[in-house]
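Each chain, letter by letter, is given below.
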Amino acid sequence: MKIDVNGRSFGEEPRPGQCLRTYLRERGWFGVKKGCDAGDCGACTVHVDGEPVHSCLYPAFRADGRAVTTVEGLAAEDGELHPVQRKFLDAQGFQCGFCTAGFLMTTAALNEDQLTDLPRAFKGNLCRCTGYRAIEDAVRGVCHAEAPSAGEAVGRNLPAPAGPQVVTGTARYTFDVDIPDLLHMKLLRSPHAHARITAIDTRAALQVPGVQAVFTHHDAPERHFSTARHEHPTEDPDDTRVLDDTVRYIGQRVAAVVADSEAAAEEGCRRIEVTYEILPAVLDPEEAMRPGAPVVHDKDAATARISRPQNNVVGEAHGEIGSVEAGFAEADAVYEDIYRTQRVQHASLETHGAVAWFDEDNRLTVRTSSQTPFLTRRALCALYDLPEEQVRVVAGRVGGGFGGKQEMLVEDIVALAVLRLRRPVKLEYTRAEQFYGATTRHPFTINVKVGARRDGQLTALQLRVVSNTGAYGNHGPAVMFHSVGESMAVYRAPHKKVDAFSVYTHTVPAGAFRGYGLGQVMFAVESALDELARQLGLDPLEFKAKNIIGPGEAMFSPGGEEEDLHIASYGLGQCVSIVRRAQTEPWDAAPDGWLVGEGAALAMIATGPPGGHIADAKASLLPDGSFDLAVGTAEFGNGTTTVHRQIAAGELATIVDRITVRQSDTDVVRHDTGAFASTGTVVAGKATLRASRALADQLLDFAAAHLQLPRADCRLAEEAVLHPGGRLSLKELHAAGAAVGVEFTADGHFGGTPRSVAFNAQWFRVAVDPDTGEIRILRSVHAADAGKVMNPMQCRGQVEGGVAQALGATLFENVRIDEHGAVETAAFRRYRLPQYADVPRTEVHFMETADAIGPLGAKSMSESPFNPVAPAFANALRDATGVRFTELPLTRDRVWLALAKSPRRTRRPPVSH
C-alpha cells in the first residue's frame, strides 16, 4: 500500500471500509473537512491524480498508487500561493471558511468550459455563510481587499487576519488538533417521542473490545439546567439533565459510550439494551395547550421557571396598548389571517462537537465549537461543582453558528466522561445528528389582525403567536418575547395587543436562530400590512412608510417599552428611498407567459439583547513594538476579528498587521457573554475601542514623561511615538517601561447597555411560471442601516449571506417531522440548502448614518438582513399572482397548486409607480 499525499508517501493500510477523508485527517491533513458524511457538501474535496473527488465517499484503498492533493498541497513548495488561493484572498471569498478548501479544490480543477457554467461546476459544493457572490468574485479574479495603512483602518475593505490560513488549510477548527490517547464518544438516542426508561443494561456494550465506559442517567448529575446560553441563566427554564430517565423526543440522548475508536463506540451503542415504558406524546403546540394533553415537563413551575407546566406553556406574554376593539371599530378596512413558518436547520457546515482533557496543571480544558465559551465554562462549573479557575473553555475557529452554537449540547456530556475517566474524550456530531439531536428555528403560528383608515393611517395591530419550542425550553421564552418586540414597535398604531405562547411538544427542540423570532413574526406582519394596503387601494410601500416610527420616537409594543433601547441613528427613511428607486428602474423582460410582480418589506432590530451583554478586552504593547489584543468573543465568519483589529489600529495609529488577536478563550480576558445577538461589533467592539484608547493614552503619557515633553507634543505613529525632536520607537518605549517596571496594557469593558436599533429593507422583483410554479428572482435589492460601516466588503458579505440563508428558509428548507415525531430530513440531500444556482446577486446598499451609541458610529448587521426577506418575497409573489401565500416554505409545488386554483393565469404588466 502506498498513497502519495502532497508529495509525501504513506504506507499504512486503511481500515476496512475507511474513507479517504478520515485516512487523510488521521495523518494531519486537517484542511480536508467533514461537513456532511454523504458527499453532499464538498467540504472534503481533494484531487486524486488531478481529478476532484469527495473524499468522504472515496474508499481509501482506491488511492493506492495514486497522487492525492489536499488544499495544503496546492501552494508551491516555496510557499507561493496557487493562483486560485490568491484569488480567494483578494476577493475574500469566504466567511467562516469551513467550506473554502472544498471550493478551492473544485475551482483549481475547472477547465475553461466549466468556468463558463459555475452553477453546474459548483453543484457539489455548499456554502452556508457567503451567499456565493464573494465566491464567484474570487473565481472571476475580482479583487476587493485593500492594503493596510497606518491609522486608516475603519471603513476600509481590509482582509480577515486568518485569510492566509483559511486558503492554505492551516486554520484550526475545533477538531483540527492531534491529541494523544484520545477516546471517542458516541450517543445512543431515543427511538420514542415520550417514554420512561425502566431498565438499561450496558453489560454487552462493555464487552465490546475498546469500549472504556458507558454512561447513563445513573451517572449523570440530578440537577436540571438549560442548554441555552445567556448572560442571565434565569432567562431560560431549568428543564434538562445531562442524561435523563425520561425521554421527550425522538433523538434525545439516552446513553454515552466512550471507546478507543468511533467504530467501537458505535458498536457499544448498538449493544445497549433499554426497556422503555411508552408514554403519550403530543406533537402540535395548540393541542399541547388543551386540557388533558400529555404533560411534557411535570415540574414545579417556580423552581424550573416554567410558566404553566400543566398546559405545556413554558413562557407567555400578554399586553395591550389602548383598545384594539376600539381601533378596529375606527378602521375602514380590516385584514386578518393566520401565517405559519416551519422548522429550519442552522446547517453550519461544522457540526457541534467538543474535545476535552486535563492539562498539565490538572485543569479541565474543553475545546468546543461554541459561540459562548465563557457562559459554557460557567454552566459546566455549576453542573459539576467546579471552581472557574479549574476550567478552561476555548473555541478554535468555528465553522458557522447562526445561533445554533449558543447552546451547550455536547460539552456537558464530554466533561462528564473526562471527569470520570481522566483521559481526553471527543464527541463530534454526524450530519444526521445535527438534524435530530441539535436544535432548529422555532416554528411559529401567527394570527395577525390589522386595521387602518382609508387615508392609510393604522388604527390597530393585534397578534396571537404560538411558538413550538419542542421538548425543551432552551431559548423558548426569550425567542417568543423578542418576536413580538421590534416587529410591532416599528409601526405606529394607537391600539396594539399581543398574546404569545411558547409551548412544549414532544419534538426536536428549537433554539436560537438568526433573527431570534423576529423573522417569523415579521413574515406575518409585513405580509398583512401589504394585503391591507391593497384592500385600501394604496401602494404597499407608501402605506408602510406612512406608519413607520420616525427618529426620536418612542418604541412601544404590548410587551412594554425597553428603557435602554433608543433610536440612536435613523436610516429607515433612506432604506425606503432605496426601494422606491429600485421600483422605478427599468428591468429585463421575463419569459413569455410568466407572471411578474414585486414586493418589499421593512425590519427593525435591537443591536443587542436586553438585560446586558458583557464584553472585556485587553490591549498590550509587546517587546517588539507590535500589539496584542485579547477579546473573548468568538470568530465564526461574523468578521469580528477583522473589525476589532481595525478599531484597535485606528486608535493606536498602526496597521492591522501589527496587531495579533487572541480570542474566544476563557484564559485571555475576564469575561465575554458571547458572540450572539449581533454583539460582536457593538458590544465587544466597544470594549476593544475602550482598551485601545486607554493603551494609547498610557503610551503617550509615558513617552511624554520619558522624553520630558508636553503630552501635546507627542503623537502615535505606526511603529513609534513622534515628537518635535524625532521619534521614539515603540520597541524602545517598551524597553524604557520595562526598565522601571511599567507594563503597557489596558483593559476595556462594556456592559451592552444602552442599545440602539438597526433597520433593513428588502425588495424583490420575481417572475412566476403559472404552468409549473417555477419562480425566478429577476432582481434582489437590500438596503441596510448599519451606521458607520466598519468594513464594507465584510459587512456586504454578512448581508448577502443573511439574504441567501433567508431565501433558503423562504423557498425550500423544511425540517419535516413525521406522525411519530421523528425527523424525516436528516441529510442534506433530503433537506435542500441553497446552492450556487439558487442564489441571485443581491444589490446591497448601506445607508449614511452614524450611531450615537455604537463604537465609532457602528451598528450591528449580522442577524437583521434575514428578517425582511420572506415577507418581501411573499409580497412579490402576491403581486405577480394575486394569491396571498401564508405558509412557508414557498415551494414550487405549493405555488403551482395555488395557481392551478386561481383564475389569474395571464402575465402581469409591469408595475407602474
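Residues numbered from 1 in each chain as written. Predicted model: local features only at pLDDT ≥ 70, side-chain atom pairs only at ≥ 80, totals over all residues. Heavy atoms only, no water.

Describing the nonpolar core
Keep this limit in mind: What makes a nonpolar core is a set of buried Ala, Val, Leu, Ile, Met, Phe, Trp, Tyr and Cys residues whose side-chain atoms join them at distances within 4.5 Å. Each residue's exposure class comes from its accessible area (1.4 Å probe, protein chains only) as a fraction of the maximum for that residue type: buried when under 20%, exposed when over 50%, partly exposed otherwise. Each helix is a run of H or I in the DSSP string that is no shorter than four residues. Each strand is a run of E no shorter than two, and both are numbered from the N terminus. Residue contacts follow a heavy-atom distance rule, with two residues in contact if any of their heavy atoms lie within 4.5 Å.
Phe88, Leu463, Leu532 and Phe828 are the most contacted members of the largest nonpolar core, which totals 149 residues. Here the element with the most residues in this core is helix H18 (residues 518-535); it accounts for 10 residues. Apart from the residues lying within four places of it in its own chain, the contact partners of leucine 463 are Ile446, Asn447, Val448, Val484, Met488, Lys497, Val498, Asp499, Val521 and Val525. Counting 38 residues, the second-largest nonpolar core is a separate cluster that includes Ala615, Leu629, Ala704 and Leu716.

Focus: the packing of helix H19 (residues 540-547) against helix H20 (residues 572-584)
Between two packed helices, the angle of one axis relative to the other and the distance separating the axes together describe the packing. The test is simple: Axis lines are fitted through C-alpha atoms, for helices just across the contact stretch, and the angle between N-to-C directions can take any value from 0 to 180 degrees. Angles are sorted into four bins: roughly parallel if under 35 degrees, roughly antiparallel if over 145, roughly perpendicular if 65 to 115, and oblique for all others. Working rule for handedness: look at the near helix, and if it is turned counterclockwise from the far one by less than a right angle, call the crossing left-handed; if clockwise, right-handed. In this classification, the charged set is Asp, Glu, Lys and Arg, the nonpolar set is Ala, Val, Leu, Ile, Met, Phe, Trp, Tyr, Cys and Pro, and all remaining amino acids, among them Gly, are polar.
Between H19 and H20, whose axes approach to 11 Å, the crossing angle comes to 165 degrees. Relative to H20, the element H19 is oriented roughly antiparallel. H19 and H20 meet at a crossing whose hand is left-handed. Within the contact between the two elements, H19 uses Leu541, Glu542 and Ala545 and H20 uses Val576, Val579, Arg580 and Gln583. Classifying every residue of the contact of H19 with H20 by side-chain character gives 4 nonpolar, 1 polar and 2 charged.

Quick word on unusual backbone geometry
Cis peptide bonds are those with omega within 30 degrees of zero, and the linkage from threonine 753 to proline 754 qualifies with 5 degrees. Tracing the backbone through its elements, the reader meets proline 754 in the loop between strand S28 (745-750) and strand S29 (757-768). Leucine 888 connects to proline 889 through a cis peptide bond whose omega is 0 degrees. Position of proline 889 among the secondary structure elements: in the loop between helix H26 (869-881) and helix H27 (892-900). Look at glutamine 92: it is not a glycine, yet its phi comes out positive at around 50 degrees. Along the polypeptide, glutamine 92 turns up in the loop between helix H2 (83-91) and helix H3 (100-108). Overall, the relative accessible area of 9% leaves glutamine 92 in the buried class. Its identity as a non-glycine residue notwithstanding, alanine 677 has a phi of 60 degrees, on the positive side. Locating alanine 677 in the fold gives a position in the loop between strand S24 (659-663) and helix H22 (679-682). In this structure alanine 677 comes out as buried when scored by relative accessible area, which is 18%.

Points about the sheet that holds strand S30 (residues 775-785)
How we decide: Here the rule is simple: two strands pair whenever DSSP picks up at least two bridges between them.
Taken together, 4 strands build an open sheet; the order of strands is S21-S29-S30-S31 and the sheet is mixed. In this open sheet, the two edge strands, each paired with only one partner strand, are strand S21 (595-606) and strand S31 (843-846). On average, each strand axis in the sheet is inclined to that of its neighbour by 15 degrees, with strand direction left out of account. For S30 and S31, the ladder comprises 4 bridges, and the chain directions are parallel. Looking at the pairing, alanine 784 lines up with phenylalanine 846 of S31. Those strands touched by H26 are S21, S29 and S30, and its axis lies near 155 degrees from that of S21.

Digging into empty space enclosed by the protein
Threshold: The pocket and cavity definitions rest on a 1 Å grid over protein atoms only: a 1.4 Å probe that fits but cannot leave marks a cavity, an open set with protein on both sides within 12 Å along at least five of seven lines marks a pocket, and residues lining either have an atom within 4 Å of a point. Grid points are joined across faces, edges and corners, and a volume is the space filled by probe spheres set on the points.
The tally for this structure, following the rule as stated, stands at 10 cavities of 30 Å³ or more. Size it by volume and the largest cavity reaches roughly 220 Å³. Along the wall of the largest cavity there are 20 residues; nearest its centre are Thr227, Thr240, Tyr249, Arg253 and Leu409. For the lining of the largest cavity, the per-class residue count stands at 9 nonpolar, 6 polar and 5 charged. Along its surface, the second largest cavity is lined by 15 residues, and Thr607, Val682, Phe750, Pro754 and Ile853 are the ones closest to its centre.

Observations concerning the pairing of strand S17 (residues 425-428)
Burial of S17 is two-sided: the residues Val425 and Leu427 facing one way and the residues Lys426 and Glu428 facing the other way are all buried. With 4 bridges connecting them, strand S14 (residues 353-358) and S17 associate as antiparallel partners. Pairing of valine 355 across the sheet is with lysine 426, part of S17.

Focus on the packing of H2 against helix H6 (residues 133-140)
As a packed pair, H2 and H6 sit with axes 8 Å apart at the nearest point and diverge in direction by 130 degrees. Between H2 and H6, the interaxial angle falls into the category oblique. Crossing hand, H2 versus H6: right-handed. In contact with Lys87, Phe88 and Ala91 of H2, H6 contributes Ala134, Ile135, Asp137, Ala138 and Val139.

What to know about helix H14 (residues 411-421)
A large share of H14 lies buried, amounting to 8 of its 11 residues. Those residues of H14 lying buried are Glu411, Asp412, Ile413, Val414, Ala415, Leu416, Ala417 and Val418. A positive phi of about 60 degrees marks arginine 422, the residue just after H14.

Re the sheet that holds strand S26 (residues 720-723)
Strand pairing in a sheet relies on backbone hydrogen bonds. The paired strands run either parallel or antiparallel. Read across the open sheet, the 3 strands follow the order S25-S26-S27; overall the sheet is antiparallel. A strand with exactly one partner marks an edge of an open sheet, and here the two such strands are strand S25 (715-716) and strand S27 (726-729). Here S26 pairs with S27 via 4 bridges, running antiparallel. Its bridge partner lying in S27, valine 721 is registered against leucine 728.

Observations concerning the side chain of glutamine 406
Rule in force here: Pairing of N or O atoms within 3.5 Å defines a polar contact, subject to two protein rules: one partner must be a possible hydrogen donor and the other a possible acceptor, and residues neighboring in sequence count only if both atoms are side-chain atoms.
Along the chain, the position of glutamine 406 falls in the loop between strand S16 (391-394) and H14. Exposure remark for glutamine 406: the relative accessible area of 3% places this residue in the buried category. Within the structure, the side chain of glutamine 406 is placed 2.8 Å from the backbone oxygen of arginine 229, a separation counted as a polar contact. With residues up to four places along the chain from it excluded, the contact list for glutamine 406 reads Thr227, Ala228, Arg229, His230, Gln371, Thr372, His475, Ala512 and Phe676.

Description of the pattern of salt bridges
Which entries qualify depends on this criterion: Any Lys or Arg side-chain nitrogen found within 4 Å of a carboxyl oxygen on Asp or Glu counts as a salt bridge.
A full pass over the atoms with the stated rule returns 69 salt bridges. Across the pair aspartate 455 and arginine 453 runs a salt bridge, and its minimum N-O distance is 3.9 Å. Look at aspartate 455 and you get partly exposed, because its relative accessible area is 42%. Given the relative accessible area of 32%, arginine 453 is considered partly exposed. Several salt bridges converge on common partners, so that one network encompasses Arg133, Glu136, Asp137, Arg796, Glu800 and Arg841.

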